Amino acid sequence: MKIVYRVIAAIAALLTFPALWFLKLIHIGIELGFVEGLFDDSFSINQIYNFFKDKTIDLDGKLELSEKMAEVLAPLKTPAIVTLVFLALMLVAILSVFFCSALTNARKVNLGLSLFGAASTIGLMASFNHMTSLIADGTVGLETIINTALTDSESLIAQIAGLFGAGGLVNLIGQLKVLQLTDATVAVLFIFLFVALWTAAFIFIDMDEHKMPKQKKQPKKKHN
């Protein structure tokens, strides 16, 4: 039974990686301004990777934020850091559950790790949703971000466009309503919960076996 427990738990932990790669990860909903309708779709990491893999993006010297842009994006800083921390904790929990399952019989440790992983996944989803809600509700509006980017541009035309509020055109094209983590992270959460329940079941089985009273050997009858 020990080998069955370890194999199933290890395989379940490994399944998180294809789940994160192939299942839909990002759900986006945009209310279109120029037509009555809603763009609503979800994308997996695999789809995003295939879209960008053949495109060359030159980021040299463009990652440094100006003081104005840093001020505009300031409300996103804390939730972004929290999101990255929860993401790191979730990935660490996945690896920890796998190695603990494959290499040890420490079921109580594995139970704690899987519950920790589930909590990290919930935290990741909540912090990401909070961060993107700041954009959707206008706290850090796309219009402000675009106008700031234009005014910070080296192009005189872009600077003039930013000063005249060209970023406001984004609201005519569409307004972001939903941007959240979806199926992939939910699948990871259920895998962690499965490993936790699977481990708890074996812990209870072991407890029952230890509680069962050992049968006393009956003394042999002496023959006269």
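Residues numbered from 1 in each chain as written. Predicted model: local features only at pLDDT ≥ 70, side-chain atom pairs only at ≥ 80, totals over all residues. Heavy atoms only, no water.

Caption draft 1: Quick look at the overall build of the chain. For the chain, the helix and strand inventory stands at 9 helices and 3 strands. Seen in sequence order, the chain has helices and strands lined up from the N terminus as α-α-β-β-α-α-α-α-α-α-β-α. The burial tally for the chain puts 31% of its 224 residues in the buried class. Long-range contacts, defined as pairs at least 24 residues apart, comprise 75% of the intrachain contacts of the chain with a sequence gap of at least 6. Roughly 15100 Å² of accessible area belongs to the chain as shown, and the carbon and sulfur atoms make up 68% of that amount. (Helix = DSSP H or I, 4+ residues; strand = E, 2+ residues; numbered from the N terminus. Buried < 20%, exposed > 50% of the residue type's maximum accessible area, 1.4 Å probe, protein only. Contact = heavy atoms within 4.5 Å. Areas by Shrake-Rupley, 256 points an atom, 1.4 Å probe, with all protein chains shown as cover.)

Caption draft 2: The packing of aromatic side chains, seen in detail. A complete count under the given rule lists 6 aromatic pairs for this structure. Both rings, one in Phe 51 and one in Phe 52, keep their centres 4.9 Å apart while their planes meet at 90°; by these two values the pair is edge-to-face. In this structure Phe 51 comes out as partly exposed when scored by relative accessible area, which is 48%. Ring geometry for Phe 194 against Trp 198: centres 6.0 Å apart, planes inclined by 20°, an arrangement best described as stacked. With a gap of 4 residues between them, Phe 194 and Trp 198 both fall in helix 9 (residues 183-211), about one helical turn apart. Judged by its relative accessible area of 38%, Phe 194 falls in the partly exposed class. Ring pairing ties together the aromatic residues Tyr 5, Phe 194, Trp 198 and Phe 202, which thus form one cluster. We note Arg 107 situated over the ring of Tyr 5; from NZ or CZ to the ring centre the distance is 5.0 Å. (Phe/Tyr/Trp six-rings, centres within 6.5 Å; stacked < 30°, edge-to-face > 60°. Lys NZ or Arg CZ within 6 Å of the ring centre and 35° of its normal.)

Caption draft 3: The packing of helix 1 (residues 2-14) against helix 4 (residues 67-103), seen in detail. Following both chains from N to C, one finds helix 1 and helix 4 inclined at 160°, their axes separated by 8 Å at the closest point. On the basis of the axis angle, helix 1 is roughly antiparallel to helix 4. By crossing handedness, the relation of helix 1 to helix 4 is classed as left-handed. Counting all contacts with helix 1, which are made through Arg 6, Ala 9, Ala 10, Ala 13 and Leu 14, the residues of helix 4 involved are Ile 94, Val 97, Phe 98, Ser 101, Ala 102 and Leu 103. Taken together, the residues of the contact of helix 1 with helix 4 break down into 9 nonpolar, 1 polar and 1 charged. (Axes fitted to C-alpha atoms, helices over the stretch in contact; angles between N-to-C directions. Parallel < 35°, antiparallel > 145°, perpendicular 65-115°, else oblique. Left-handed = near helix turned anticlockwise from the far one by under 90°. Nonpolar A, V, L, I, M, F, W, Y, C, P; charged D, E, K, R; others polar.)

Caption draft 4: Examining the side chain of Ser 42 more closely. Locating Ser 42 in the fold gives a position in strand 2 (residues 37-44). Judged by relative accessible area, Ser 42 falls into the buried class, the value being 15%. Sequence-distant contacts of Ser 42, defined by excluding residues within four places in its chain, comprise Lys 24, Ile 26, His 27, Gln 47 and Thr 182.

Caption draft 5: Up close: the nonpolar core. Grouped together as the largest cluster of nonpolar side chains are 33 residues, with contacts concentrated most on Met 90, Leu 181 and Phe 192. When contributions to this core are tallied by element, the ones reaching two or more residues are helix 1, strand 1 (24-32), helix 4, helix 5 (107-136), strand 3 (174-181) and helix 9. Leu 181 has contacts with Leu 25, Ile 26, Leu 124, Met 125, Phe 128 and Asn 129, leaving out every residue within four places of it along the chain. (Core = buried A, V, L, I, M, F, W, Y, C linked by side-chain atoms within 4.5 Å.)

Caption draft 6: Seen up close, a nonpolar patch on the surface. Together, Ile 3, Val 4, Val 7, Ile 8, Ile 11, Leu 15 and Phe 194 give the surface a local cluster of nonpolar side chains, amounting to about 580 Å² of exposed area. Residue contributions to the nonpolar patch peak at 5 residues, all from helix 1. (Patch = residues over 30% accessible without salt bridge, like charges linked within 9 Å, V, L, I, M, F, W, Y side chains within 5 Å. Salt bridge = Lys/Arg side-chain N within 4 Å of Asp/Glu carboxyl O.)

Caption draft 7: Examining the packing of helix 4 against helix 5 more closely. Contact geometry of helix 4 with helix 5 gives a least axis separation of 8 Å together with a crossing angle of 155°. Taken together, helix 4 and helix 5 sit at an angle that is classed as roughly antiparallel. Note that helix 4 runs across helix 5; the crossing there is left-handed. The residue makeup of the contact of helix 4 with helix 5, split by class, is 20 nonpolar, 11 polar and no charged.

Caption draft 8: Focus on the side chain of Thr 16. With respect to the secondary-structure elements, Thr 16 resides in helix 2 (residues 16-22). On the basis of relative accessible area, Thr 16 is assigned to the buried category, the value being 1%. Among the polar contacts listed, one links the side chain of Thr 16 to the backbone oxygen of Ala 13, at a separation of 2.6 Å. Beyond its immediate sequence surroundings of up to four residues, Thr 16 is in contact with Ile 94, Val 188 and Ile 191. (Polar contact = N/O pair within 3.5 Å; in protein donor to acceptor, adjacent residues only side chain to side chain.)

Purely geometric numbers; function is a separate question.
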